[in-house]
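So the chains spell out like this:
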Number of protein chains: 2
Amino acid sequence: MEKIKIAVLGLGTLGQGIITMLNTQREQLAKNAGCPIELGRVLEKYLTKKRGIPLPEGMCTNRWEDILNDDSIQIIVETIGGIEPARTYILQALQGGKSVVTANKDLLAAYGQELFRAAREAKRDLYFEASVGGAIPIIGPLRQSLIADRLSQVMGIINGTTNYVLTKMEEENSSFEKALQEAQDSGFAEADPTADIEGHDAARKAAILATLAFHSQVNFNDVYAEGISKITKEDMALARNLGYRIKLLAICRNDGEVIEARVHPALIPLDHPLSGVRDIYNAIFVKGPELGETMFYGVGTGQLPSASAVLGDVVAVARNIRYDCQGRLNMVENRILPILPIEKVKTRFFLRLLLKDEAGALAQVTDILGQWGVSIARLVQIVLDSGDAELVFVTHEVANGQMQQAVAKIRQLAVTKKVLTLLRVEDSN
Amino acid sequence: MEKIKIAVLGLGTLGQGIITMLNTQREQLAKNAGCPIELGRVLEKYLTKKRGIPLPEGMCTNRWEDILNDDSIQIIVETIGGIEPARTYILQALQGGKSVVTANKDLLAAYGQELFRAAREAKRDLYFEASVGGAIPIIGPLRQSLIADRLSQVMGIINGTTNYVLTKMEEENSSFEKALQEAQDSGFAEADPTADIEGHDAARKAAILATLAFHSQVNFNDVYAEGISKITKEDMALARNLGYRIKLLAICRNDGEVIEARVHPALIPLDHPLSGVRDIYNAIFVKGPELGETMFYGVGTGQLPSASAVLGDVVAVARNIRYDCQGRLNMVENRILPILPIEKVKTRFFLRLLLKDEAGALAQVTDILGQWGVSIARLVQIVLDSGDAELVFVTHEVANGQMQQAVAKIRQLAVTKKVLTLLRVEDSN
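Model, not experiment: these values are computed from the prediction. (Residues numbered from 1 in each chain as written. Chains lettered and ligands numbered in written order. Predicted model: local features only at pLDDT ≥ 70, side-chain atom pairs only at ≥ 80, totals over all residues. Heavy atoms only, no water.)

1. Re the overall build of chain A
Summing up its helical and strand segments, chain A has 14 helices and 17 strands in all. Each principal axis of the C-alpha distribution contributes one length, and for chain A these read about 85 × 45 × 35 Å. Counting only residues that meet the buried cut, chain A has 59% of its 429 residues in that class. Accessible surface, chain A as shown: approximately 16600 Å² in total, 47% of it carbon and sulfur. (Helix = DSSP H or I, 4+ residues; strand = E, 2+ residues; numbered from the N terminus. Buried < 20%, exposed > 50% of the residue type's maximum accessible area, 1.4 Å probe, protein only. Areas by Shrake-Rupley, 256 points an atom, 1.4 Å probe, with all protein chains shown as cover.)

Written out as structure tokens, the structure reads:
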């Protein structure tokens, strides 16, 4: 039986995990692919660097051409990450007749359309299960089992680092800084955690999910992103008292005319299934008029879960090569639905204000809210020892632009000492 | 562009849902399949029966040969259910060069091996996403995304009717009979609910899941099944006091040597994610050494969710036909791992006894438990108004056969008025 040779680009954590599993699962992979899957070549910039896994002499190269021009290699597994040189390598591989498996969410979220078109034109596969949710199978179902439905919503917790931080803050009453430090110490946050904390990582994944779910190209730049660094433990405690938990959510909606795509912290009801998703776990809800609602849950990151997802893709592509049906799942050229700007998105809000203890202070605030069409669902007033008053509002739905303008006006009031918090509330599921 | 014609066998709820969605999703199905998908023929025994959906003149036939011999029909969608004539039709369709999509769990759980072999030999597709979990994509991921892992466990709530009944019993303090009546009135239970209530439906689905997850044929007869009809609201309240909820679970395990496959009510901890799965929802946990744990959740039944799953399969098969790669996912001939008999399965137990109020009664019971190797984790004694004593035990792990023998001995004691309840406890997840 023919064997299928793959090349792994990059020897970081994921690359090493894949090579390890190629060995440990050799028999199972061969059985399911219908032929042996072998490591043909590894691309690695620093040839002399010590690695945790043994590789045969001559397996590594630092010249991409060695792999691109090697006709015996049929599948490229890209684990370099980032935009360049990954983008160029993937495009050249597809044009050169090789299929590609990648976990590169940065690249897919920025250049998805270009990559999907290249795969389509080359009639080769581009698979990317590990780009979202680690080993949680979400990309496959969106491209296959769920394809008969007109999906209206994808919503979830898709960043493990921020979920870990928020869980620690809530359960251990930690400050954001302390919880982040703990996450870094445990290896759940990068030394530079910006992409996670500011919601950019989740926004990239949201772009990929929305593109697949709605058959309309959504890029990273289309996704509104707001991070968790301003959340305080006081916010959490107050939210909790009102029956909510604060989570970093990705929310993508499609009403057939326009797409909403946003990532931000939000209050969700304690009895919502997403509110029970703790630590580094991810969960994604998919909704459609026919299927109803289905949820996918699991650890969204990690060396072996991600390697497992990548190798699931490798097996699928190997089957496609054996049956000569590569490119079968490639997306047709998408129609492009417009993206609703965040100002026009309607949500409920959680607003905390610190006001001077003056007669008529509340009236001034509610007056402005009323002028901007913000109606109040709940109001809690807390008199502080300082004599100042803290007001906690939960509003009904209002366009984000109007709410922002109302808050800007409130900030200018003489009675306003501080706008403590402005967060969205998501409870329509 | 060529179109692909399908025939729908059976015009029940599911069949009608599929035909309806073929119309409402016409454009989306065509776009994703790469060509139009059209209804070619419908097989229906009672041609004159009034149906909820309009069909063109001559679309229905009651002669299977009209469809089998029609070469323009490439995909058979079987929604008749039950063993015969569905089995014969599917086998003949495959042998005749047609691919098959079915939701027929009874048939797959009893004759899976025969059907899989027929598909393999004919090099045609046999897809069955809707056979387990309605629109929850679980079959697809087990056959594809999760294929690189050596799965060790599949566990879940996979029968909506019983979960609805148990939810009502717990939340409304209903008796089993009353809750079942309510389920029937709401259309969530059949007029004859035996297959659901006695765990047979869940056992069929468990057989299918175990076969796919462990690459070893598991049939309905291999799955130990025990239903929920003996559960009382007292059991539920006592379990709750001890920190548990009672659910009908399907549990399939594979240690590489032997397979465990069983369906029975069990106590699960309140903080276990499955304990929060209410009403007609289903949830399935899949575990493997590399991927960790992932869960799939959603409504496990219903006309449109199931039709949506069937049509997802139809699109996949249509793509395969266009690319001439049918049979690609067919299972290789499985090795057959032995099934561990229930007597040898080790679990924890929840045991309720009604004893006469006599000195030494408890000692007699614990003596027998000790003789059979049953060690006690928790014990609650309740003195009843009658003067009798109720004892509630939670045991450590013990082989089911030993526990059964201990309980048989306890039943014979003169001090034993009644063995009220014997249920398993699952908290190792």
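2. So, the relation of the copies chain B and chain A
Under the fitted operation, chain B is carried onto chain A by 0.0 Å of movement along the axis and a turn of 180°, and the coordinates agree to an RMSD of 0.0 Å. The relationship between the two copies is best expressed as a two-fold rotation axis. Measuring from the rotation axis to each C-alpha of chain B, the shortest distance belongs to F296 of chain B, at 2.4 Å. (Least-squares fit on C-alpha atoms with pLDDT ≥ 70 in both.)

3. Description of the pattern of salt bridges
What the rule picks out here adds up to 42 salt bridges over all chains. Through salt bridges with shared partners, a single ionic network connects R253, E260, R262 and E426 of chain A. (Salt bridge = Lys/Arg side-chain N within 4 Å of Asp/Glu carboxyl O.)

4. Description of the interface of chain B and chain A
Each partner contributes to the interface: chain B provides 49 residues, whereas chain A provides 49 residues. Carbon and sulfur atoms make up 54% of the surface buried where chain B meets chain A, a total of about 4300 Å² over both sides. There are zero salt bridges connecting chain B and chain A. Taken together, the elements giving at least two residues each to the side of chain B that touches chain A come down to α1 (13-24), α2 (26-33), α6 (139-143), β11 (281-288), β12 (292-299) and α12 (303-322) of chain B. Per-element accounting of the side of chain B that touches chain A gives the leading share, eight residues, to α12 of chain B. Here the side of chain B that touches chain A is composed, by residue class, of 24 nonpolar, 15 polar and ten charged. Examined bridge by bridge, strand β12 (residues 292-299) of chain A and β12 of chain B share five bridges and lie antiparallel to one another. Across the sheet, the residue bridging to M295 of chain A is Y297 of chain B, located in β12 of chain B. (Contact = heavy atoms within 4.5 Å. Buried area = accessible area lost by both parts, 1.4 Å probe. Nonpolar A, V, L, I, M, F, W, Y, C, P; charged D, E, K, R; others polar. Pairing = 2+ DSSP bridges.)

5. Examining the environment of R253 of chain A
Residue and element names in this part refer to chain A. Along the polypeptide, R253 turns up in strand β9 (residues 244-254). R253 sits in the buried class, given a relative accessible area of 19%. Sequence separation between R253 and I76 is 177 residues; the distance between their C-alpha atoms is 33 Å. Setting aside anything within four residues of it in sequence, one finds R253 in contact with S152, Q153, F214, V258, I259, E260, R262, E426 and S428. Here the side chain of R253 touches Q153 through a polar contact of 2.7 Å, side chain to side chain. (Polar contact = N/O pair within 3.5 Å; in protein donor to acceptor, adjacent residues only side chain to side chain.)

6. Thoughts on the pairing of strand β10 (residues 259-269) of chain B
Residues and elements named next belong to chain B. β10 sits mainly inside the fold: eleven of its eleven residues count as buried. Here β10 shows no split at all, with I259, A261, V263, P265, L267 and P269 on one side and E260, R262, H264, A266 and I268 on the other all buried. The pairing of strand β8 (residues 224-225) with β10 spans two bridges and is classified as parallel. Pairing of Y224 across the sheet is with R262, part of β10. Where strand β9 (residues 244-254) and β10 come together, eleven bridges link them in antiparallel fashion. Paired with N254 across the strands is I259, a residue of β10. By the bridge criterion, two bridges tie β10 to strand β17 (residues 416-425) in an arrangement that is parallel. Paired with A266 across the strands is R424, a residue of β17.

7. Looking at the state of the cysteines
The final tally for this structure, using the stated rule, is zero disulfides over all chains. Left without a disulfide partner, C325 of chain A is nearest to the cysteine sulfur of C325 of chain B, which lies 3.0 Å away. What makes C325 of chain A buried here is its relative accessible area of 0%. (Disulfide = S-S within 2.5 Å.)

8. Section: the packing of aromatic side chains
Two numbers describe a pair of aromatic rings. These are the distance of the centres and the angle of the planes. Counted under the stated rule, the structure contains eleven aromatic pairs over all chains. Note on W64 of chain A and Y89 of chain A: the rings are 4.5 Å apart at their centroids and 25° apart in plane angle, and the pair reads as stacked. Within this pair, whereas W64 of chain A is found in helix α3 (residues 64-68), its partner Y89 of chain A is found in helix α4 (residues 86-95), the two being separated by 25 residues in sequence. Summarising the burial analysis for this pair, W64 of chain A and Y89 of chain A share the class buried. Of the aromatic side chains, those joined through ring pairs into one cluster are Y281 and Y297 of chain A together with F285 of chain B. (Phe/Tyr/Trp six-rings, centres within 6.5 Å; stacked < 30°, edge-to-face > 60°.)

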